[in-house]
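As a plain string of letters, each chain reads:
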Amino acid sequence: MTRKETQLTETDIQLLQSLGQVKGRRLRLLVFFTCVTLVFGLLLFIPSDTAGFTIGVALIFLLMFSLCYFMWRGVWLMRRRSRRSIDNGRKGIIEMQLKGLQANGRGGVDYVADNGEVYRVAVPLPGVSVLGRQLASWYPGVIEQAAGAVGERVQLHISVTGVLLRVEYPDLPAVKAPAVLTETDKRLVSESRDREKMIIIGKITEVLVPLQRGKGLHETYIRIGDTLYLLKPLRQTEHPVSPGLEVHLHVLPGRNGEADKVLYLLGA
């Protein structure tokens, strides 16, 4: 097990800056709940002859106000954490034999080393568009379940405030290769007949499941090599995913700032 300290890279800084911003689906949710709270707050000032109506509006207002408070507080805390990490300019790199990876009940995950030491970190997740596609931006994930490639060597890049910047499994590298779209691929993405896809070949090193926001919004992230992918393929995955499984992930790279599309995942 080794530890060292080094400067943040430009990629690290971009990730931290992205974490400190509110945009996309998160921004729309914040604005929506804030507007609903303001509406119920205004209703409290409208005279009513029905006591039950006033009490009901007051209860809903308090509930929405509490929700907005915690959401905006979370945004503020993340912005402060990102700013502190960037201002410090340093990160720690820990290399260890992985004994366990688990959600810690506080939104992050715990990496357990073979000597029993525990590294508790906040996990950035790739953003998700309204259509459910992975974006290049990042947001602070709230992890409900986690599993890792136990027994493998892992290298963690951690900011001074405990943000997980990068994860590498040196003995489980991923290979990327371009390939021509098949007829099946073209049926999945009919507008992309003149493009190539990318096939990522490697073993799944981690499986992360964020806190679910609803029955129809199930999201799972898998790490292949050192990269996290949102497992939301255009074609249903036939194999259960678990760390150590060797897979072929077929991805259609985005153009002009578009998000990449995961076509499908195949077991090797």
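Each remark here, short or long, concerns the structure printed above.
Given the structure is predicted, the values throughout are model-derived calculations rather than measurements.

(A) View of the pairing of strand S2 (residues 90-103). Bridging between strand S1 (residues 2-7) and S2 involves six bridges; their strand directions are antiparallel. Directly across from threonine 6, in S2, lies its bridge partner lysine 91. Here S2 pairs with strand S8 (residues 153-159) via seven bridges, running antiparallel. In the strand pairing of S8, methionine 96 is matched with valine 154.

(B) How the structure looks around the pattern of salt bridges. Inspection of every chain in the model, using the stated rule, returns 12 salt bridges. A salt bridge links arginine 3 to glutamate 117; the nearest nitrogen and oxygen atoms lie 2.3 Å apart. One end of the pair, arginine 3, is in strand S1; the other, glutamate 117, is in the loop between strand S3 (109-113) and strand S4 (118-121), and 114 residues separate them in sequence. Classification of arginine 3 as exposed rests on a relative accessible area of 54%. The salt bridge involving glutamate 206 is made with arginine 223; its shortest N-O contact spans 3.0 Å. Of the two residues, glutamate 206 is situated in strand S11 (residues 196-210) and arginine 223 in strand S12 (residues 221-224); the sequence distance between them amounts to 17 residues.

(C) Region of the structure containing the layout of surface pockets. In this structure, the second largest pocket encloses a volume near 770 Å³. In terms of lining residues, the second largest pocket is bounded by 32 residues, among which Pro126, Gln134, Trp138, Thr227 and Leu228 are the most central. Listed by contribution, the elements that provide at least two residues to the lining of the second largest pocket are helix H1 (10-19), strand S5 (124-128), strand S6 (134-140), strand S9 (164-168), S11 and strand S13 (227-230). Its residues assigned to classes, the lining of the second largest pocket shows 18 nonpolar, six polar and eight charged.

Analysis parameters
- Residues numbered from 1 in each chain as written.
- Predicted model: local features only at pLDDT ≥ 70, side-chain atom pairs only at ≥ 80, totals over all residues.
- Heavy atoms only, no water.
- Pairing = 2+ DSSP bridges.
- Helix = DSSP H or I, 4+ residues; strand = E, 2+ residues; numbered from the N terminus.
- Salt bridge = Lys/Arg side-chain N within 4 Å of Asp/Glu carboxyl O.
- Buried < 20%, exposed > 50% of the residue type's maximum accessible area, 1.4 Å probe, protein only.
- 1 Å grid on protein atoms, 1.4 Å probe; cavity = no way out; pocket = protein on both sides within 12 Å on 5 of 7 lines; lining within 4 Å.
- Points joined across faces, edges and corners; volume = space filled by probe spheres on them.
- Nonpolar A, V, L, I, M, F, W, Y, C, P; charged D, E, K, R; others polar.

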